[in-house]
Amino acid sequence: QNQIEKELGQPLADIFKDFDQTPFAAASIGQVHKATLPNGQQVVVKVQYPGVDDACESDLKQVRLALRLMGVLKIDRKLQDQLFKEIQESLDNELNYEIEAQNLEVARAFHESLDSKIIIPQVFNDYSSRHVLTLSFEQGDSIETASTWSQNTRNELGRRLFRAIGQEIFYLRRFHCDPHPGNFAFREDGTVIIYDFGGVKTLSTDVIGYFRELVHAAREQD
C-alpha cells in the first residue's frame, strides 16, 4: 500500500474503488493485486518491491566480483564488460515499468491490427508509474488446463501463439524474452493472452536476416 501511495501520490482509497490487499501472484521483483478503477474497470496492479532496483544492481556487482575471484570468468576483460553491460541494461529495463508499459502498448497495437484473438493487456497510464503498473484484467486458463481441451482447439491455440511470436520477430522486430508458460493464458474459443512485456529485445536487421536464412534452410532440409 505504501509503495502505491508513494508512487501515485494519493491515498489508496482515492485511487481505486476497490483494492485486494492480498496479492494473487508474486515474483522476484514484485507482486500483483486485483483492483477496480473508479469507473468500474477490473484491473491488475503490478507493484515492485521497494528498493529492489538498488538491490539488483548491488547483487550484479557482487556476482561479477565473486566470479572473477573464483576464476570462472576466463574471458577477455572487454568482453566481460560488454556482457555485464547487456545484463545490467536488461535488468534496468525490466525494473522500469514505464518501459514495460511502452512495450505493452506497441505489442497491443501491432496484434490488434492482425488478429483479434491475440490479447495484450491494456495499460492505464494514469494509474501507473516507474514502479507501479496497472493493466486491464484479462482472464484466461493456464497451459495445464488448455492441454485437456480438444485436439483441434489445441492446434488452433498452438498455431496462433507460434504465428504471433513469429510476427513479432519478423515484422515488429522485437522478441518477448520471457516466454515461460506462466506468461500465457488461453481461452477455449482459440484466444491467446500474452502477459509480461518487461523483457523485450529489439532485433537488428542483420539478426532478422540470419533468422530468415535459418528458416529457409530448415524448410529445404539443409
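A short tour of the structure in this document, coming up.

Each value, and the rule that gives it
Residues numbered from 1 in each chain as written. Predicted model: local features only at pLDDT ≥ 70, side-chain atom pairs only at ≥ 80, totals over all residues. Heavy atoms only, no water. Buried < 20%, exposed > 50% of the residue type's maximum accessible area, 1.4 Å probe, protein only. Helix = DSSP H or I, 4+ residues; strand = E, 2+ residues; numbered from the N terminus. Pairing = 2+ DSSP bridges. Core = buried A, V, L, I, M, F, W, Y, C linked by side-chain atoms within 4.5 Å. Contact = heavy atoms within 4.5 Å. Phe/Tyr/Trp six-rings, centres within 6.5 Å; stacked < 30°, edge-to-face > 60°. Lys NZ or Arg CZ within 6 Å of the ring centre and 35° of its normal.

Digging into the pairing of strand β4 (residues 42-48)
Reasoning step 1: Burial within β4 is extensive, with six of its seven residues counted as buried.
Reasoning step 2: Relative to β4, strand β3 (residues 30-36) runs antiparallel, the two being bridged by seven bridges. Directly across from Val32, in β4, lies its bridge partner Lys46.
Reasoning step 3: Here β3 folds back onto β4 in antiparallel fashion, the turn holding five residues, of which Gly40 has a positive phi close to 95°.
Reasoning step 4: With five bridges connecting them, β4 and strand β6 (residues 132-136) associate as antiparallel partners. What sits directly across from Val45, in β6, is Thr134.

So, the nonpolar core
Reasoning step 1: Of all hydrophobic cores here, the largest spans 24 residues; its most connected members are Leu104, Ile120, Leu133, Phe186, Val192 and Ile194.
Reasoning step 2: Every element with two or more residues in this core is listed here: α5 (97-112), β6, α7 (151-172), β8 (184-186) and β9 (192-194).
Reasoning step 3: Excluding anything up to four places from it in sequence, Ile194 contacts Ile118, Ile119, Ile120, Pro121, His176, Asn183 and Phe184.

Some remarks on the sheet that holds β9
Reasoning step 1: Spatially, β5-β9-β8 is the arrangement adopted by the three strands of the open sheet, whose pairing is mixed. One side of each edge strand has no neighbouring strand; the edge strands of this open sheet are β5 (118-119) and β8.
Reasoning step 2: Both β8 and β9 contribute to a ladder of three bridges, which runs antiparallel. By the bridge assignment for β9, Ala185 is matched with Ile193.

Examining the packing of aromatic side chains
Reasoning step 1: Summed over the entire model, instances satisfying the criterion amount to two aromatic pairs.
Reasoning step 2: Pairing Phe16 with Phe19 gives two aromatic rings, centres 5.5 Å apart and planes at 40°, and the pair type is tilted.
Reasoning step 3: Look at Phe16 and you get buried, because its relative accessible area is 4%.
Reasoning step 4: The class for Phe19 is buried, based on a relative accessible area of 13%.
Reasoning step 5: Among the aromatic residues, those joined into a cluster by ring pairs are Phe16, Phe19 and Tyr127.
Reasoning step 6: Above the ring of Phe24, the side-chain terminus of Lys34 is found at 5.3 Å from the ring centroid.

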